[in-house]
Amino acid sequence: MTLTSLARTSLGVILVCGTCSLSIAQSEALATNQHPLVKDLGSLPPTYTRSQAYAISNSGLIAGSLIQVGHDEANHGFLYSNGQMIDLGTLPTGTFSDAFGVNDRGQVVGRALYVTPGMPLDRFFHAFLWEKGVMKDIGTLLPSNTAIAYAINNRSQIVGESGGHAFLYEQGMMKDLGTLPGGSSSAAYAINQAGYIVGQTTYPDGSMHAFLYRDDGMHDLGTLPGGRNSIARSINNRGQVVGTSTVTNGNSHAFLYENGQMTDLAALPGGTDFSDAKFINDRGQILGVGMLFDNGNFISISLPNPLGQVTFAFAAAINDSGEIAGVLLPDYHAAVLNSDLLTAEHP
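Thresholds applied
- Residues numbered from 1 in each chain as written.
- Predicted model: local features only at pLDDT ≥ 70, side-chain atom pairs only at ≥ 80, totals over all residues.
- Heavy atoms only, no water.
- pLDDT = per-residue confidence, 0-100.
- Contact = heavy atoms within 4.5 Å.
- Core = buried A, V, L, I, M, F, W, Y, C linked by side-chain atoms within 4.5 Å.
- Buried < 20%, exposed > 50% of the residue type's maximum accessible area, 1.4 Å probe, protein only.
- Helix = DSSP H or I, 4+ residues; strand = E, 2+ residues; numbered from the N terminus.
- Pairing = 2+ DSSP bridges.
- Axes fitted to C-alpha atoms, helices over the stretch in contact; angles between N-to-C directions.

Describing the confidence of the model for the protein chain
Item 1. Per-residue confidence for the protein chain gives a mean pLDDT of 86, with 85% of residues at or over 70.
Item 2. Counted against residues more than four places away or in other chains, residues 1-33, with its pLDDT under 50, gives 62 contacts.

Re the nonpolar core
Item 1. Membership of the largest hydrophobic core comes to 15 residues, with the highest contact counts inside it found for Ile301, Phe312, Ile324 and Leu337.
Item 2. Elements with a contribution of two residues or more to this core: strand 26 (311-318), strand 27 (323-329) and strand 28 (333-338).
Item 3. In terms of residues, this core owes the most to one element, strand 26, which gives 3 residues.
Item 4. Ignoring any residue separated from it by four or fewer positions in sequence, one finds isoleucine 301 in contact with Leu287, Gly288, Gly290, Met291, Leu292, Phe312, Ala315, Ile324, Leu337 and Leu342.

Here we look at the pairing of strand 19 (residues 241-246)
Item 1. Among the 6 residues of strand 19, 6 are classified as buried, and the element is accordingly described as predominantly covered.
Item 2. Along strand 19, one buried face is formed by Val241, Gly243 and Ser245 and the opposite face, lined by Val242, Thr244 and Thr246, is buried too.
Item 3. Where strand 18 (residues 230-235) meets strand 19, 5 bridges bridge the pair, whose relative direction is antiparallel. If you follow alanine 232 over to strand 19, its bridge partner there is glycine 243.
Item 4. Between strand 18 and strand 19, which pair antiparallel in sequence order, lie 5 residues; one of them, glycine 239, sits at a positive phi of approximately 85 degrees.
Item 5. Pairing of strand 19 with strand 20 (residues 252-258) involves 6 bridges; the strand directions are antiparallel. Within the sheet, the bridge partner assigned to threonine 246 lies in strand 20 and is serine 252.
Item 6. Here strand 19 folds back onto strand 20 in antiparallel fashion, the turn holding 5 residues, of which glycine 250 has a positive phi close to 90 degrees.

A look at the sheet that holds strand 26
Item 1. The antiparallel open sheet is built from 4 strands, whose spatial order is 1-28-27-26. Sheet topology places strand 1 (38-42) and strand 26 at the edges, where each strand pairs with a single neighbour. On average, each strand axis in the sheet is tilted by 30 degrees relative to the strand beside it, whichever way the strands run.
Item 2. In the sheet, strand 1 pairs with strand 28 via 4 bridges, with the strands oriented antiparallel. By the bridge assignment for strand 28, lysine 39 is matched with valine 336.

Have a look at this one:
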């Protein structure tokens, strides 16, 4: 089957959900009417009419943000579990939260607005850990007042950025991971079950390099040939790392790093001169902007819709079952796409 016919067939399936605009209660009641290719997770109306998914665990838990249209700093993080969307709320003095990571245990991490008591009312983002109905402020790297948590593994290890440095939070302590030699700042975006961490360091000249952090410290992954900048966004449990690097002409190309080598995915059949790799699962499926690299093939997941009914977009993460977390447009609802159906014939 060609990629063109594959996209056309998949598009026809997505059109089945063209009129989906459901609350969670409605989506549960009418779940049998949704095609298995894409599931609309809804939102929590009337306050939150939009939602966006940022993370999905191997157990199918989904985390993201509930969006209140027309109100700044009014987002609330959510956890979607067992057909229910749970509002994670905020820190006691705050009004805003976003959820960026979730593990198989139902622990969620992200950022939440923290407002200092008294006058003046200083406002900062703090990293949080939510579990069993409670949002906990996990603090910052002193003397910084800000922190964001991006990911959590099943060992409850959390990574993120605070005060311009990557951090690892475990057993109630936040550890500064530092930078690559000569670096001026860093951020950690992902962690696997072995505790390996990936992210990026910025140098004083403004260039950025992807890093891999292990027990023996932080390692520079370099760039693709001719490139100045790179960033590592995801690592799986096989130690494969994906991200983006510039190349000689200044464009950004998705890369796969394994066994000490960085491979340019744009150079493979079906690749383009601009791409970005966001996530890799343990099956080796690589999620990018509008595409999935699977077993040597590039497959479109942002299928154009000539009828203007519905499109799956803003893909953020993929689990080992091939489920992709993203957004269903035009309703702008968090959604999950079953990528395995993109590689199969449909009746």
